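# Observations on chain architecture
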Amino acid sequence: MTSQDNVPLTRAQIRQAKRIKRFDNPWMNPKLIWGAGLLLGIIFLGIIGRFIWDLDLVFTGSSPLKLPPLGFENLRGQSGVIDHPIGTDGGGRDLLALIIVGAPNTLFVGLLASFIGMSIGIFLGFSAGFLGGRTDDVIRVGADVMITIPPLLILVVFQSAFGDVTLTMMALLIAGFVWQSPTRLIRAQVLSMKQSGYVQMAQLSGASTGHIMFREMMPNLVPYLFGSFIASVTTSIVTAVGLEVLGLGPQRIPTLGRTIYEAINAGALIQNLWWWWGIPTLLLAVIFIGLLLINLGLDEVSNPRLRKLS
Amino acid sequence: MGRIPRDYLINRLVTLVLTILIAATIIWIIPRLSPVDPAEIALGRMAAGAGSVANSEEILAQLRANMGIDQPLIVQYLKYISGALVFDFGLSTAAFPTPVSTLIMNALPWTLGLMILSLIITFVIGNLLGALMVWDRSPKLVKVAIPAAMVFTSIPPILSGLLLMWIFAAKLQWFPLTGAYSIFVEPGWTWTFVQSVLYHGFLPALSIVVVTFGFWALGMRGLMITVQGEDYVKLAEAKGLKPRYILYRYMIRNAILPQITAFALKIGLLIAGQVLVERIFAYNGMGKLLYDAILNQDFPVIQGVSYVIILITALSVFLVDLLYPFIDPRIRHEAN
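Just so it is clear, the model here is predicted, and its values are computed rather than measured.

What follows deals with the overall build of chain A. Scanning chain A for helices and strands turns up 12 helices and zero strands. Start at the N end of chain A and walk to the C end: the helices and strands fall as α-α-α-α-α-α-α-α-α-α-α-α. Put simply, 72% of the contacts in chain A that link residues at least 6 apart link residues at least 24 apart. Working note: accessible area of chain A is about 14600 Å², and carbon and sulfur atoms make up 64% of it. Counting 22 positive and 17 negative side-chain charges, chain A places the averaged centre of each group 11 Å from the other.

A few words on the overall build of chain B. The helix and strand tally for chain B stands at 13 helices and zero strands. In chain B, the succession of α and β elements from N to C terminus is α-α-α-α-α-α-α-α-α-α-α-α-α. For chain B, the spread of C-alpha atoms along the principal axes amounts to about 90 × 55 × 35 Å. For chain B, the residues scored as buried account for 47% of the 336 residues in total. Restricting to contacts in chain B with at least 6 residues of sequence separation, those with at least 24 account for 73%. Surface accessibility of chain B: about 17100 Å² in total, with carbon and sulfur atoms responsible for 67%. For chain B, the distance from the average position of its 23 positive side-chain charges to the average position of its 18 negative side-chain charges is 15 Å.

This next bit is on the packing of helix 9 (residues 209–245) of chain A against helix 10 (residues 256–265) of chain A. All names here are of chain A. In contact at an axis separation of 7 Å, helix 9 and helix 10 are set at 30 degrees when each is read in the N-to-C sense. Between helix 9 and helix 10, the angle is such that the two are roughly parallel. The hand of the helix 9/helix 10 crossing is right-handed. Note on element contacts: helix 10 touches helix 9 through L256, G257, R258, I260, Y261 and I264, opposite V241, E244 and V245. For the contact of helix 9 with helix 10, a count of residues per class yields six nonpolar, one polar and two charged.

Right, let's get into the confidence of the model for chain B. Residues and elements named next belong to chain B. Residues at a pLDDT of 70 or more form 96% of chain B, whose mean pLDDT is 81. The least confident element of chain B is helix 13 (residues 330–335), whose mean pLDDT is 55; the most confident is helix 5 (residues 100–134), at 87. Interface confidence for the predicted complex, expressed as ipTM, amounts to 0.79; the pTM equals 0.82.

Further remarks concern a nonpolar patch on the surface. Residues and elements named next belong to chain A. A surface patch of nonpolar side chains, about 750 Å² in accessible area, is lined by L40, I43, F44, I47, I48, F51 and I52. Secondary-structure assignment places I48 in helix 2 (residues 30–52). Of the residues examined, I48 reaches a relative accessible area of 44% and is grouped as partly exposed.

A word on the layout of surface pockets. Roughly 1400 Å³ of internal volume is contained in the second largest pocket. Contributing to the lining of the second largest pocket are 45 residues, with B:P38, B:M67, B:F299, B:P300 and B:Q303 lying nearest its centre. Put simply, the parts of the chain that give the lining of the second largest pocket at least two residues each are helix 5 (151–162) of chain A together with helix 1 (6–33), helix 2 (38–50), helix 3 (56–67), helix 4 (73–85), helix 11 (286–295) and helix 12 (299–327) of chain B. In the lining of the second largest pocket, the residues fall into 24 nonpolar, 16 polar and five charged.

Moving on, we come to the interface of chain A and chain B. Counting residues at the interface gives 40 residues for chain A, matched by 48 residues for chain B. Across the chain A to chain B interface the summed buried area is about 4100 Å²; carbon plus sulfur atoms make up 83%. Remark: the boundary between chain A and chain B carries one salt bridge. At the junction of chain A and chain B, the tally comes to four residue pairs in polar contact (both at pLDDT 80 or more). For the side of chain A that touches chain B, the elements supplying multiple residues, two or more each, are helix 4 (133–148), helix 5, helix 9, helix 10 and helix 11 (274–302) of chain A.

This part covers helix 4 of chain B. All names here are of chain B. With 13 residues, helix 4 ought to run about 18 Å at 1.5 Å a step, and its terminal C-alpha atoms sit 18 Å apart, in line with that. All of the buried residues in helix 4 are Q76, Y77, Y80, I81, G83 and A84. Within helix 4, the buried residues cover an arc of 165 degrees as seen down the axis, which keeps them to one side. Summarising the geometry of helix 4, the exposed residues directed more than 90 degrees from the buried face are I74, L78, K79 and L85. Of the surrounding secondary structure, the elements contacted by the buried residues of helix 4 are helix 1 and helix 12. Downstream of helix 4 by one or two residues, F87 has phi in the positive range, about 60 degrees.

This brings us to the pattern of salt bridges. Pairing is possible between side chains of opposite charge, provided their charged atoms come close. Enumeration according to the criterion identifies nine salt bridges over all chains in this entry. In this structure, A:D144 and B:R12 form a salt bridge, with 3.9 Å as the shortest nitrogen-oxygen distance. Linking A:D144 in helix 4 with B:R12 in helix 1, this pair reaches from one chain into another. With a relative accessible area of 15%, A:D144 lands in the buried category. Overall, the relative accessible area of 17% leaves B:R12 in the buried class. The residue B:D292 makes a salt bridge to B:K288 at a minimum N-O spacing of 3.8 Å. Residue B:D292 and its partner B:K288 are located together in helix 11, separated by four residues, close to a single helical turn. B:K288 gets classed as partly exposed once you look at its relative accessible area, which sits at 30%. Here the salt bridges share partners, and the residues they tie into one network are A:D89, A:R93, A:R258 and A:E262.

The rules behind each value
- By convention here, each chain's residues receive numbers from 1 onward along its written sequence.
- Naming scheme: in the order in which they are written, chains are lettered from A and ligands are numbered from 1.
- In view of the model being predicted, local features appear only for residues whose pLDDT reaches at least 70, and side-chain atom pairs are presented and counted only at 80 or more, with totals across whole chains, interfaces and linings using the full set of residues.
- Calculated side-chain values reflect all of the structure's heavy atoms, with hydrogen atoms and water omitted.
- Starting at the N terminus, helices and strands are each numbered in turn, a helix being any DSSP run of H or I of at least four residues and a strand any DSSP run of E of at least two.
- Every residue pair with non-hydrogen atoms within 4.5 Å of one another is taken to be in contact.
- Only the protein chains shown count as cover for residues, with accessible areas throughout obtained via the Shrake-Rupley method and a probe of 1.4 Å.
- Note on charges: Lys and Arg go in the positive column, Asp and Glu in the negative column, and His and the chain ends are not counted at all.
- To locate a charge, take NZ of a lysine, CZ of an arginine, CG of an aspartate or CD of a glutamate.
- Partly exposed residues are those whose accessible area sits between 20% and 50% of the maximum for their type, while under 20% is buried and over 50% is exposed, using a 1.4 Å probe and protein chains only.
- Each axis is a line fitted through C-alpha atoms, and for a helix only the stretch in contact is used; angles between axes span 0 to 180 degrees, taken between their N-to-C directions.
- Here the word oblique covers every angle except those under 35 degrees (roughly parallel), over 145 (roughly antiparallel) and from 65 to 115 (roughly perpendicular).
- Two helices crossing with the near one rotated counterclockwise from the far one by less than a right angle form a left-handed crossing, whereas a clockwise rotation gives a right-handed crossing.
- Residue type decides the class: Asp, Glu, Lys and Arg count as charged, Ala, Val, Leu, Ile, Met, Phe, Trp, Tyr, Cys and Pro as nonpolar, and the leftover types, Gly among them, as polar.
- A residue's pLDDT is simply how confident the predictor is in it, with values from 0 to 100.
- What makes a patch is a set of residues exposed beyond 30% relative accessible area and free of salt bridges, joined within 9 Å when like-charged and within 5 Å when nonpolar (Val, Leu, Ile, Met, Phe, Trp, Tyr).
- Just to be clear on terms, a salt bridge is a Lys or Arg side-chain nitrogen sitting within 4 Å of an Asp or Glu carboxyl oxygen.
- Only protein atoms enter the calculation, which uses a 1 Å grid: trapped sets of points that fit a 1.4 Å probe without letting it out are cavities, open sets showing protein on both sides within 12 Å along at least five of seven lines are pockets, and any residue with an atom within 4 Å of a point is a lining residue.
- Grid points are joined across faces, edges and corners, and a volume is the space filled by probe spheres set on the points.
- Using a 1.4 Å probe, buried area is obtained as the accessible area two parts lose upon being combined, added over both of them.
- Polar contact is defined as a pair of N or O atoms within 3.5 Å, subject to the rule that within protein one atom must be able to donate a hydrogen and the other to accept it, and that residues adjacent in sequence are counted only when both atoms are side-chain atoms.
- Expected span of a helix: the number of residues minus one, times 1.5 Å.
- In this context, the arc is that of the directions from the helix axis out to the C-beta atoms.

Take a look at the structure:
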């Protein structure tokens, strides 16, 4: 007697049923749900952590130095303690407190920069595609030029000239470099949509430009906008982490990148303090994989042909 | 092989020149907006070295004159732009009388070497793997690589660099932790030096390859799926051509074209990622130079490095755009 005999449906049938359900509601995409789950996990870590953990432990010297996570031993033979479950860094800061504050900060920079960049991109992309002519030329060349310039290098110049920045300021600076791809994407979409029947119909019936842009075209762009938004979040976080690892970015606010920077500078790799750089690295990887899954899921939502492939 | 259409060439050239000009201008404007006075930083460095500085006002004035920041802004700007054209960014303030261009020229071959090596490896491996993921005759094992490729692509090279460094350099000690060649080896065109360079370059290159091959593989997979359904592939199969021949000459040949454009768009991010990898591996390239300059507030070097990297990016994009009509003859017809 195997357990399968009692089950009325075979495995294949269950899978089939699931697939049909999934077909009914494309938003119930497992990749999308997993990706969103990972990012929500980071946000929850930030929210719940604030209530249950003592955040004063992010200050230098608030804890013993270089303690390992629970169940491990460091080179000096000290083992982890329950007061600092995932260890402490070389400056005497509790890593759990650091990531509770730092991980949401990193995500915040990415989301804010991307949101602003997208808004600029939507505005410019629509203007270029819809108005055409001189406006289009200027915006197109501008986007082409700016897409070649790596944001990191300009921001390095900026931050080394100005010194310390706030998180919001950094997000604003990064936003100045993530509007190009959405602009190009939206422009191309708008150009092709302009030829479509429903837009010409709206034009003929005397709808205003604003109405055509936002009520007729925008809903069709939503999947592209989401996809582009997530891609910009990734670019923004990569840029932010890059700046932080070079020792720039906010100097007094804990972020994942800055923690890695301090760990490298203190020689954490040679001293085998793997938790110091490893835990922030792991969290960043979780953020990036979450964003990737959301992007793949959105692709499948907006492009049903891909759903059949996987 | 025809020639490049003139309109297309002019269009690309204008973009190239504009990119370089705008980037150079931004790099020039930013420090001028900052309240920090470079002359005061230089004076501060002197004071830190000597204990105290007499006649500080006169020295400040002299420093400003040396740096050229006592002149009108427009003169400064024109001087800067004409200097940037011949890679003259003045003198480094941290390594004082050394010109910035000398520092950059010493670092540049390392960066370019690492970049070209890792780019070629990832482009070949990634595209081949992506093609094999779709090809129905490839071993099942290749299909397993799809999720792995996806996960790796999402991670920036600095994270993979840290991980590889820890495992292979700190833990297993198979590879050196930092540097571009052993300090016991005399630089020169000797076999031991080349060996040392390859040995030291392996981990930095690997950390870039590991996280970038997936980008090409996934892009290629999508393109191959489209190409697979095309009539000319069906025809080739019906003609009884060898499957391998169809894969290389019919499918990959057509699917690879958009990948080359993707390359042009991606190169900026790739270079920025590599700068960071060089920084964590203390590799003798632009990344390390940039990081040291940031630490020392060596502004001319920061400017020079940023400018040169942006220049490399813009030139690569330009070259890819120029080569494209040769690889894809259809482009030429469109332009006409």
